[in-house]
Amino acid sequence: MRIASVLAAGVIGLGASVASAYQVDVEGGQTSVALDTELLEAATGLVVTGASDAVTIPGTLAESVAFPINARDAESPLLPTTFSYDAPELAPFSGAIEHEGTITFNDAITVGNFTIGFDGARAGSLGGLASGFFVASNTAVEAILFDIELTGATTGAAFLEVSGNLLVSPEFAQILIDLEATADDLSGADVGDALVEGDTGCSAVEVSGNGKINFGDYARFLRFYVRDRAEADFDGSGDINRRDLFGFLRQFIDCVQRDRWARKIYKRHGDDMDDDRDDDDDDDEDDD
Ligand SMILES: [Ca+2]
Ligand SMILES: [Ca+2]
Ligand SMILES: [Ca+2]
């Protein structure tokens, strides 16, 4: 997926509502953050000394921690996630991805409950690297800490995966100078990586683990069901019965339709953008 074209379309889409594609809401998931702790310590003297209970260790990236993405009905003090996008592209998009969890530096500076948002005015700053997406802290330290340089984006009806470099924002650079952590302006320094793994409400039926909703998932669920295994308790009731099968089927069909519809629209628009998801629908090669 060409990131520049995604972004351009996203920026254009911010002001207009486009009704022709399938809107997908991010409902949960997690964002992994791998800070370059050696670089950070050498440049600023900052050392991570703690993390709150909500933080998952390790995260998906090597040497990372993960922050859960808040639900769309999250209640104060947490912020509700509002990010939506049109599948299978990431554009247009709107809203923000909100997280729970904090980390503390030097037993003194706590940042977290992060917002990943987008500000078109930031796009192209920091030597052209800033995508416009940023990471803001919503604790006592209330500031944009990082601009995100996108390094990858894979989207669909079933999932959202976005990766990027964490660049010290101009605001964070000033905070570090004010704290006398450094005398240098560190704006734009790449101090880590982030990986957003957004749950779009279809992950419950993506049981084969290949990121697509297709026949392999249905076949695998049926096998769980017939063999009466705990994985078939789709509604979480503790029993395995027809309600689980019907519940699965209903959501499975909804998610397959979303995915198909999104792909059709995508084809109709005649965009020849690289698509790593254009293989056939009954691809169930990982369904052993
Ligand atoms: Ca990096
Ligand atoms: Ca699958
Ligand atoms: Ca059940």
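Details of the structure are given in the entry above.
Counting starts from 1 at the beginning of each chain's written sequence and moves along it residue by residue. Each chain is given a letter, starting from A, and each ligand a number, starting from 1, according to the order in which they appear as written. Only residues with pLDDT of 70 or above have their local features reported here, since the model is predicted, and side-chain atom pairs are shown and tallied only from 80 upward, although totals for entire chains, interfaces and linings are computed over all residues. By convention in this description, side-chain values take in all heavy atoms of the structure and omit both hydrogens and water.

Section: the overall build of the protein chain
- In this text, helices come from DSSP runs of H or I with a minimum length of four residues, and strands from runs of E with a minimum of two, each type numbered from the N-terminal end. Tallying secondary structure elements over the protein chain gives five helices and 14 strands in all.
- When a residue's accessible area, from a 1.4 Å probe over protein chains only, is under 20% of the maximum for its type it is buried; when over 50% it is exposed; and in between it is partly exposed. Counting every position in the protein chain, which comprises 288 residues, the buried fraction comes to 47%.
- The contact definition used throughout considers only heavy atoms, calling two residues in contact when any of these lie within 4.5 Å. Across the protein chain, contacts joining residues at least 24 apart in sequence account for 61% of those joining residues at least 6 apart.
- Throughout, the Shrake-Rupley method with a 1.4 Å probe supplies accessible areas, and for residues the shown protein chains are the sole cover considered. Put simply, the protein chain shows about 13800 Å² of open surface, and 51% of that area lies on carbon and sulfur atoms.

Regarding the coordination of the calcium ion (ligand 3)
- Donors, by definition, are the N, O and S atoms found within 2.8 Å of a metal, the threshold being 3.2 Å for Na, K and Ca, and water is not counted, so a site can look incomplete. Bound to the calcium ion (ligand 3) on the protein side are Asp233 (OD), Asp235 (OD), Ser237 (OG), Asp239 (O), Asp244 (OD) and Asp244 (OD), at distances that span 2.2 to 2.5 Å.
- Four donors are marked tetrahedral only if all angles between them lie between 85 and 135 degrees, whereas four are marked square planar and six octahedral if opposite donors are more than 155 degrees apart and the other angles lie between 65 and 115; the remainder are marked irregular. Angles of 54 to 161 degrees at the metal separate the six donor atoms of the calcium ion (ligand 3), which places the site in the irregular class.
- Mapped onto the sequence, the residues coordinating the calcium ion (ligand 3) show the spacing D-x1-D-x1-S-x1-D-x4-D. Residue Asp233 is located in the loop between α4 (215–226) and α5 (242–268), and its partner Asp244 is located in helix α5; the two are separated by eleven residues in the primary sequence. Each member of the pair, Asp233 together with Asp244, is buried.

Comments concerning the pattern of salt bridges
- Here, a salt bridge means any side-chain nitrogen of Lys or Arg that lies within 4 Å of a carboxyl oxygen of Asp or Glu. All told, the structure shown has four salt bridges when counted by the stated rule.
- Residue Asp147 is joined to Arg122 by a salt bridge in which the shortest nitrogen-to-oxygen separation is 2.7 Å. Pair noted here: Asp147 is in strand β12 (residues 142–155) and Arg122 is in the loop between β10 (115–118) and β11 (133–138), with a separation of 25 residues, a long-range link. The burial state of Asp147 is the same as that of Arg122; both residues are buried.

Here we look at the sheet that holds β10
- Between any two strands, pairing holds if DSSP finds at least two bridges. A sheet is described by the order of its strands in space; here eight strands give the open sequence β4-β2-β14-β13-β12-β11-β10-β7, paired in antiparallel fashion. The sheet is open, and its two edges are formed by β4 (65–68) and β7 (97–98), each paired on a single side.

Describing the pairing of β12
- Most of β12 sits inside the fold, with eleven of its 14 residues counted as buried.
- Bridge count for β11 against β12 is five bridges, and the pairing is antiparallel. Looking at β12, one finds that Phe134 is bridged to Asp147.
- Linking β11 to β12, which pair antiparallel, is a turn of three residues.
- When β12 meets strand β13 (residues 159–168), the two strands line up antiparallel, connected through nine bridges. Across the sheet, Leu150 pairs through a bridge with Gly164, a residue of β13.

Some words on the sheet that holds strand β5 (residues 84–87)
- The antiparallel open sheet is built from three strands, whose spatial order is β1-β5-β6. Of all the strands in the sheet, the pair left with one neighbour each is β1 (22–25) and β6 (93–94).
- When β5 meets β6, the two strands line up antiparallel, connected through two bridges. By the bridge assignment for β6, Tyr85 is matched with Phe93.

Some details on a negative patch on the surface
- Put simply, a patch holds well-exposed residues, over 30% relative accessible area, that have no salt bridge, with like charges counted together within 9 Å and Val, Leu, Ile, Met, Phe, Trp or Tyr side chains within 5 Å. We score Asp and Glu as negative and Lys and Arg as positive, and we do not count His or the chain ends. For charged residues, the charge sits on one atom: NZ in Lys, CZ in Arg, CG in Asp, CD in Glu. On the surface, Asp36, Glu38, Glu41, Glu63, Asp190 and Asp193 cluster together into a patch of negative charge.
- Positionally, Asp190 belongs in strand β14 (residues 190–199).

What about the state of the cysteines?
- Pairs of cysteine sulfur atoms within 2.5 Å are what we label disulfides. Enumeration according to the criterion identifies one disulfide in this entry.
- At a sulfur-sulfur separation of 2.1 Å, the disulfide partner of Cys202 is Cys255. The disulfide joining Cys202 to Cys255 has a torsion of about -95 degrees about its S-S bond and is therefore left-handed. Of the two residues, Cys202 sits in the loop between β14 and α4 while Cys255 sits in helix α5, which places them 53 residues apart along the sequence. Each member of the pair, Cys202 together with Cys255, is buried.

Such coordinate-based values are descriptive only and should not be taken to indicate function.
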